[in-house]
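Fold and geometry: a report
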Amino acid sequence: MTQLPGLLDTEAIRKDFPVLDRVVHDGKKLVYLDNAATSQKPRQVLDAVSEYYERYNANVHRGVHVLAEEATALYEGARDKVAEFVNAPSRDEVIFTKNASESLNLVANMLGWADEPYRVDRDTEIVITEMEHHSNIVPWQLLAQRTGAKLKWFGLTDDGRLDLSNIDRIITEKTKIVSFVLVSNILGTVNPVEAIVRRAQEVGALVCIDASQAAPHMPLDVQALQADFVAFTGHKMCAPTGIGVLWGRQELLEDLPPFLGGGEMIETVSMHSSTYAPAPHKFEAGTPPIAQAVGLGAAIDYLRTIGMDRILAHEHALTDYAVQRLSQVPDLRIIGPATAEDRGAAISFTLGDIHPHDVGQVLDEQGVAVRVGHHCARPVCLRYGIPATTRASFYLYSSPAEIDALVDGLEHVRNFFG
Amino acid sequence: MTQLPGLLDTEAIRKDFPVLDRVVHDGKKLVYLDNAATSQKPRQVLDAVSEYYERYNANVHRGVHVLAEEATALYEGARDKVAEFVNAPSRDEVIFTKNASESLNLVANMLGWADEPYRVDRDTEIVITEMEHHSNIVPWQLLAQRTGAKLKWFGLTDDGRLDLSNIDRIITEKTKIVSFVLVSNILGTVNPVEAIVRRAQEVGALVCIDASQAAPHMPLDVQALQADFVAFTGHKMCAPTGIGVLWGRQELLEDLPPFLGGGEMIETVSMHSSTYAPAPHKFEAGTPPIAQAVGLGAAIDYLRTIGMDRILAHEHALTDYAVQRLSQVPDLRIIGPATAEDRGAAISFTLGDIHPHDVGQVLDEQGVAVRVGHHCARPVCLRYGIPATTRASFYLYSSPAEIDALVDGLEHVRNFFG
Amino acid sequence: MYQDVILDHYKNPHGRGLRDGDAEVHHVNPTCGDEITLRVKYDGTRIADVSYEGQGCSISQASASVLNDLLVGKDLTEAQRIQETFLELMQSKGRIEPDDAMEEVLEDAVAFAGVSKYPARVKCALLSWMAWKDATAQALEADAERKTA
Amino acid sequence: MYQDVILDHYKNPHGRGLRDGDAEVHHVNPTCGDEITLRVKYDGTRIADVSYEGQGCSISQASASVLNDLLVGKDLTEAQRIQETFLELMQSKGRIEPDDAMEEVLEDAVAFAGVSKYPARVKCALLSWMAWKDATAQALEADAERKTA
Ligand SMILES: Cc1ncc(COP(=O)(O)O)c(C=O)c1O
Ligand SMILES: Cc1ncc(COP(=O)(O)O)c(C=O)c1O
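For every chain, the first residue of its written sequence is number 1, and the numbers climb from 1 along that sequence. Here every chain gets a letter starting at A, and every ligand a number starting at 1, in the order they are written. Side-chain atom pairs in this predicted model are given and counted only at pLDDT of 80 or more, local residue features only at pLDDT of at least 70, and totals for whole chains, interfaces and linings cover all residues. Side-chain descriptors were evaluated using all non-hydrogen atoms of the structure, hydrogens and water having been removed beforehand.

1. Looking at the overall build of chain C
A run of H or I in DSSP counts as a helix once it spans at least four residues, and a run of E counts as a strand once it spans at least two, with each numbered from the N terminus. Looking only at helices and strands, one finds five helices and three strands in chain C. Along chain C, helices (α) and strands (β) appear in the sequence α-β-β-β-α-α-α-α when read from the amino end. Here the radius of gyration uses the C-alpha set of atoms, whereas the globule reference equals 2.2 Å times the residue count to the power 0.38. Relative to the globule expectation of 15 Å for 149 residues, the C-alpha radius of gyration of chain C, 15 Å, shows essentially globular dimensions. Taken over the C-alpha atoms alone, chain C extends approximately 50 × 35 × 25 Å along its principal axes. Throughout, a contact is declared for two residues whenever any of their heavy atoms are within 4.5 Å. Counting contacts in chain C only where the partners sit at least 6 residues apart, residues at least 24 apart contribute 62% of the total.

2. Focus on the relation of the copies chain B and chain A
Between chain B and chain A, the superposition needs a rotation of 180 degrees and an axial shift of 0.0 Å, giving an RMSD of 0.0 Å. The transformation just described matches what one would write down for a two-fold rotation axis. Among all residues of chain B, the one whose C-alpha sits closest to the rotation axis is G242 of chain B, at a distance of 2.9 Å. Both copies present the same face, since 100% of the interface residues in chain B are matched by interface residues at the equivalent positions in chain A. Residues reaching a pLDDT of at least 70 in both copies supply the C-alpha atoms on which the copies are superposed by least squares.

3. Describing helix α5 (residues 119–148) of chain C
Each helix should span, by expectation, one fewer than its residue count multiplied by 1.5 Å. Here α5 of chain C contains 30 residues, and its C-alpha end-to-end distance of 43 Å stays within 8% of the 44 Å for a straight helix at 1.5 Å per residue. Bending is quantified residue by residue as the angle between axes fitted to the seven-residue window ending at that residue and the seven-residue window starting at it. At L126 of chain C, α5 of chain C shows its largest kink, close to 45 degrees.

4. Considerations on helix α11 (residues 308–327) of chain B
Between its first and last C-alpha, α11 of chain B extends 28 Å over 20 residues, near the 28 Å set by a 1.5 Å rise per residue. Elements in contact with the buried residues of α11 of chain B: α1 (10–14), α3 (66–85), α10 (290–306), β13 (332–335), β14 (346–351) and α14 (400–417) of chain B.

5. Details of the interface of chain D and chain B
Between chain D and chain B, the residue contacts involve six residues of the former and five residues of the latter. Both faces combined, the contact of chain D with chain B buries some 440 Å², and carbon together with sulfur accounts for 63% of it. For this analysis, a polar contact is any N or O atom pair within 3.5 Å, provided that within protein one partner can donate a hydrogen and the other can accept it, and provided that sequence-adjacent residues contribute only side-chain to side-chain pairs. Viewed at the interface, chain B and chain D are joined by zero residue pairs in polar contact (both at pLDDT 80 or more). Gly is put with the polar residues, along with every residue not named as nonpolar or charged; the nonpolar set is Ala, Val, Leu, Ile, Met, Phe, Trp, Tyr, Cys and Pro, and the charged set is Asp, Glu, Lys and Arg. Its residues assigned to classes, the side of chain D that touches chain B shows four nonpolar, one polar and one charged. Once two parts are brought into contact, the accessible area they lose, counted with a 1.4 Å probe and summed over both, makes up the buried area.

6. Observations regarding the sheet that holds strand β3 (residues 46–55) of chain C
Residue and element names in this part refer to chain C. With antiparallel pairing, three strands are arranged side by side in an open sheet as β1-β2-β3. Edge positions in the open sheet fall to β1 (23–29) and β3, since each of these has one partner strand only. Mean inter-strand twist for the sheet, computed between neighbouring axes without regard to direction, equals 20 degrees. Here, a strand pair is defined by DSSP locating no fewer than two bridges between the strands. Two strands pair when backbone bridges link them, and β1 and strand β2 (residues 34–43) are joined in this way by seven bridges, in the antiparallel orientation. Its bridge partner lying in β2, A23 is registered against V40. In the packing of helix α2 (residues 58–71) onto the sheet, contacts are made with β2 and β3, and the angle to β3 comes to roughly 170 degrees. All axes are obtained by fitting lines to C-alpha atoms, using only the stretch in contact for helices, and the reported angles, taken between N-to-C directions, cover 0 to 180 degrees.

7. Some points on the sheet that holds strand β8 (residues 206–210) of chain A
All names here are of chain A. Spatial strand order, β4-β10-β9-β8-β7-β5-β6: seven strands in an open sheet with mixed pairing. Edge positions in the sheet fall to β4 (94–97) and β6 (150–154), since each has one partner strand and no second. Each strand of the sheet is rotated relative to its neighbour by a mean of 20 degrees, with strand direction disregarded. Across the face of the sheet, helix α3 (residues 66–85) comes into contact with β4, β9 (229–233) and β10 (244–248) while running at roughly 120 degrees to β4.

8. Comments concerning the interface of chain B and chain A
Each partner contributes to the interface: chain B provides 97 residues, whereas chain A provides 97 residues. Contact between chain B and chain A buries roughly 7,800 Å² in total, counting both sides, with carbon and sulfur atoms accounting for 57%. Note on definitions: salt bridges are taken to be side-chain nitrogens of Lys or Arg within 4 Å of carboxyl oxygens of Asp or Glu. At the boundary of chain B with chain A, the tally comes to six salt bridges. Among the ionic pairs, E102 of chain A bridges to K98 of chain B, the shortest N-O distance being 2.9 Å. Summed over the shared surface of chain B and chain A, the number is 54 residue pairs in polar contact (both at pLDDT 80 or more). With seven residues, the single largest contributor to the side of chain B that touches chain A is helix α2 (residues 43–56) of chain B. Counted by class, the side of chain B that touches chain A contains 44 nonpolar, 37 polar and 16 charged residues.

9. Digging into the nonpolar core
In globular proteins that are soluble, nonpolar side chains generally tend to be buried together. To qualify as a nonpolar core, a set must consist of buried Ala, Val, Leu, Ile, Met, Phe, Trp, Tyr and Cys residues joined through side-chain atoms within 4.5 Å. Only protein chains enter the accessibility calculation, which uses a 1.4 Å probe; a residue is then buried when its area is under 20% of its type maximum, exposed when over 50%, and partly exposed in between. Of all hydrophobic cores here, the largest spans 187 residues; its most connected members are L396 of chain A together with L396 of chain B. Residues in contact with L396 of chain B, not counting those within four places in the same chain, are L8, T10, I13, F17, C238, Y302, L303, I306, I311, H314 and E315 of chain B.

10. Some words on the site of ligand 2
Being near a molecule or strand, for a residue, comes down to having at least one heavy atom within 4 Å of it. Looking at ligand 2, there are 15 residues lining it, with S101, D210, T233 and K236 of chain A together with T287 of chain B nearest. Those residues lying near ligand 2 are distributed over chains A and B. H235 of chain A has a polar side-chain atom sitting 2.7 Å from an oxygen atom of ligand 2. Here an oxygen atom of ligand 2 sits 2.7 Å away from a polar atom, N or O, in the side chain of K236 of chain A. The Shrake-Rupley method, run with a 1.4 Å probe sphere, supplies the accessible areas, and residue values consider only the shown protein chains as cover. A total of 390 Å² of accessible area belongs to ligand 2 in isolation, and the protein chains cover 96% of it.

11. Considerations on the packing of aromatic side chains
Pairing of aromatic rings covers Phe, Tyr and the six-membered ring of Trp, with a centre-to-centre limit of 6.5 Å; geometry is then stacked below 30 degrees between planes, edge-to-face above 60, and tilted otherwise. Evaluated as defined, the whole model comprises 24 aromatic pairs over all chains. With a centroid separation of 5.8 Å and an interplanar angle of 80 degrees, the aromatic rings of F17 of chain B and Y302 of chain B are classed as edge-to-face. Taken together, the positions of F17 of chain B in the loop between α1 and β1 (23–24) and Y302 of chain B in helix α10 put the pair 285 residues apart, joining distant regions of the chain. Site record: aromatic cluster; members linked through ring pairs are F17, Y302, Y395 and Y397 of chain A.

12. What to know about the pattern of salt bridges
Taken as a whole and assessed by the stated rule, the structure comprises 70 salt bridges over all chains. When the shortest N-O distance is used, the salt bridge between E84 of chain A and R304 of chain A registers 3.2 Å. One end of the pair, E84 of chain A, is in helix α3; the other, R304 of chain A, is in helix α10 (residues 290–306), with 220 residues separating them in the sequence. Given the relative accessible area of 53%, E84 of chain A is considered exposed. Close ionic contact of E251 of chain B with R249 of chain B constitutes a salt bridge, the shortest N to O distance being 2.2 Å. A relative accessible area of 28% means that R249 of chain B is categorised as partly exposed.

13. As for the site of ligand 1
Of all residues adjacent to ligand 1, which total 15 residues, the nearest are T287 of chain A together with S101, D210, T233 and K236 of chain B. Chains contributing residues near ligand 1 are chains A and B. Within the side chain of S101 of chain B, one N or O atom sits 2.6 Å away from an oxygen atom of ligand 1. Here H133 of chain B contributes a side-chain N or O atom positioned 3.0 Å from an oxygen atom of ligand 1. Notes on ligand 1: free accessible area 390 Å², of which the protein chains cover 96%. The residue makeup of the shell around ligand 1, split by class, is two nonpolar, eleven polar and two charged.

14. Quick word on the arrangement of the chains
In this assembly, five pairs of chains are in contact, and the pair contributing the most contacts is chains A and B. Structurally, chain C and chain D remain out of contact, their C-alpha atoms never closer than 47 Å.

This is the structure:
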């Protein structure tokens, strides 16, 4: 077996993830390399969710009975865990949403309905990048269309990095918000936060960071990032589907208007007018994803027990190994940084002119699960003149042997279509 | 034991719900009468969710590997089940949201951004009622504030019903949308859909029905209702938290603009512009609540196996019994219809001038879980000049013995504060 | 949580009713609709009166009665110490077992220790205390303005 | 699912390239980026040519090649029957085992039966067929307009 420095004991870890025992296609062992799409869930998280429903389930807040108090304590306890996980100055800065997409839409809508100085309108500009996930493009396109604001973006260099050479022309005095991805889900690129934040602060623009592919894989510190908003999603970090997070700076959350209206987000309602609860509740209309928040709390406990530093090191070692091995596959072209430097554990590539759909299908027949297509980042495919990519992505339970299986699978693909 | 006609075999049913075995406060059996806030979940639903994570978990759509295909089939299969459950003409009319609140906000936002003839703007009117849940008030207040439209509402009669006497003055040619609750969560009232829909159709207004307290408790047929939109929420009908539904008429969903932007809801994206997928995907941005949809499907299977007609009959018998027994408690005043006629299984009341918080707390000490407060329907409390109510609400596992426990508990409350 | 002391204050509230004051505030607990209107009257830095009217649960009503007992006649600094001690007790989630020193400061108010275990009720117990703090701030401000004018 | 017939058509597509036509359409499969530009040429109701250019996976490319084989030279009614039969097969989720009668109609296209088990790939197989249907509708419309003009 391949020995790499910094690897976790994946044999032990894999025992926590029931789905990893699956066999597919009549006896092929599942090699799950689609972690950038969603992660698998450890037994500890599933147990926490089941236990919630079996012992404590009740609607949160406002209840005086035991179950309601317990459910509220569990739900709000999950908020404490998230706050600690991202090093938030205050737990009240953590808003639970349904996924990262809702978090990003929430920011866009807050700014569209805000008063000055935050308001995005006709004379202002929004800045994103060409490597954003559709969930960090479309909300801003909608906001631009609906307010008349101008949408601008950073382009990409040939080696899959942000082209910041004209940063002063892109982020200007008119810029109200700069929203960009910390780690690209298609290229794997880790972006230089500091340079962008510095320029944004210079012109007084807010900064929103899409940390969907960062939170699961590395230590995240919202204070160090110096952003105003940070969005991520539970299902990619061992937690259930149906839960996302938006962290936002307290003063902003106080000043900005609500988005969804309804139960839980109000202070007092009459037919004529309503006032709103303080953040985070102002932004959590309706019954929240209670069990899913509890599951996210358990996922955070799980990840922290292993250690985010160690997970980062593990994935870095794997990525390094994968980049090397993939580079040896004939006709394979990596789309994104060619080395493991400043790079997350998602690797996109093309294989000659075999269409990614065919690559993915033939890999699947061998039990190797990868994602193919645009990965919700079509502008990147347009930029590099390719119809789509095949993407392999790793997590804390991934092993060098699985990368070997991928490489063997690709060999088979080449022979099959050769 | 009390024998009532139409009761379900609650002893058998209760075995499916692990939480109902709980004891609280040192040995008191839990009497869970807070079902209007949220329902408990049967083993069958918890198993479906766990099985999803343990065997099939993957992100849905666009995947060519086995897990992605299976997860997609399960998720889309849940949509089929919901469509059948509400007798939708087409499965594509079923949109998954995070809760009923999001569903209602979705409708309000679609109409705010729509083109003619749907657009809600300065010269148009929105109609709701005084018995709405805050989740069907605040989204319309926000829409009215943001578009300049006028918000109007039906008042209430002394016995807790809609006052439709001036319906022709409230719903007029200017009305674009009438949104109302099918079964009130605070009063228990079942509203006369036909009269309202008829008038709305006369003036060409759209109709949105909040069926959050109906879907769990009675057969629901969107075609018979003749509404344009119907919203409900999973957690009140044996399903997980984190999942809601909006059903909408196909032509409308085709014509109306999207709300949240992001992955999954697009057809094709470039940096300059995007086009959107057909409904329902157009309205489902980001990774959906996959496991929660699977859980909702399992909940629907569970409820249909018992039969919605039989659940309705069971709750009607219980409500009849409860109304009678509660009427005998001195100083108790029911807020809402005084009989079980056209009435759901949520009963609000006041007890002399003992504050509901005190009623709820002392009941809780005896193991009886009820909800106290405004029940997210503060205008109803204002209307009846009361600070709050105590609410007991039943479901398919509730028994006459639990109503007896409630009545005994109330006796104790009176003595305690007498 | 329903100590006899609390029930006694609830059934026979002390100092209830609105009388002359230097400042008046109206506070609401949105989660349950409890309301209080409260006035403070100062005689220099001495609390001459705290009068109030309100509706709400036994906890919020009894707490206002206890406040009246404890604060009227006290000097502002002393009153603030009492208020802070009460706040500390109520935020303790049941983890503080009041000792003799605390009982010396809080007198009857130590009966609320049990309430601190019930997060939904803590706000009820604090309603009048927050109102008092707010009213006092307003009274002091008005006084300061008068003096500088 | 990768029958030899499919791979053969993929590697050696029949009738590929754009030639003269009565109508041209461009279709895209948004889930994977497969694209096709397709032209139809009619000679009365007889299909004189179906020419195409595109990029995409083996399934979508082979399917266009098979379409060319099957439809060119056929009468419109007959072609529509073939298209409908192919659609039925592709929507069968693997539940139709093509019999002799179906094989008579679909010839090489029965090789796609296995693809119908893979929902994500069904759209690939149908891409050219939907494009053909669309192009034909446009050609007929243009023809009708010419006649009434
Ligand atoms: C009548 C009614 N409408 C809407 C809602 C909101 O549902 P949710 O909190 O799941 O969004 C509820 C429940 O709280 C309700 O009872
Ligand atoms: C970089 C990035 N941003 C946003 C998202 C959207 O997350 P979700 O689908 O959970 O809303 C994803 C995942 O799909 C992602 O990879």
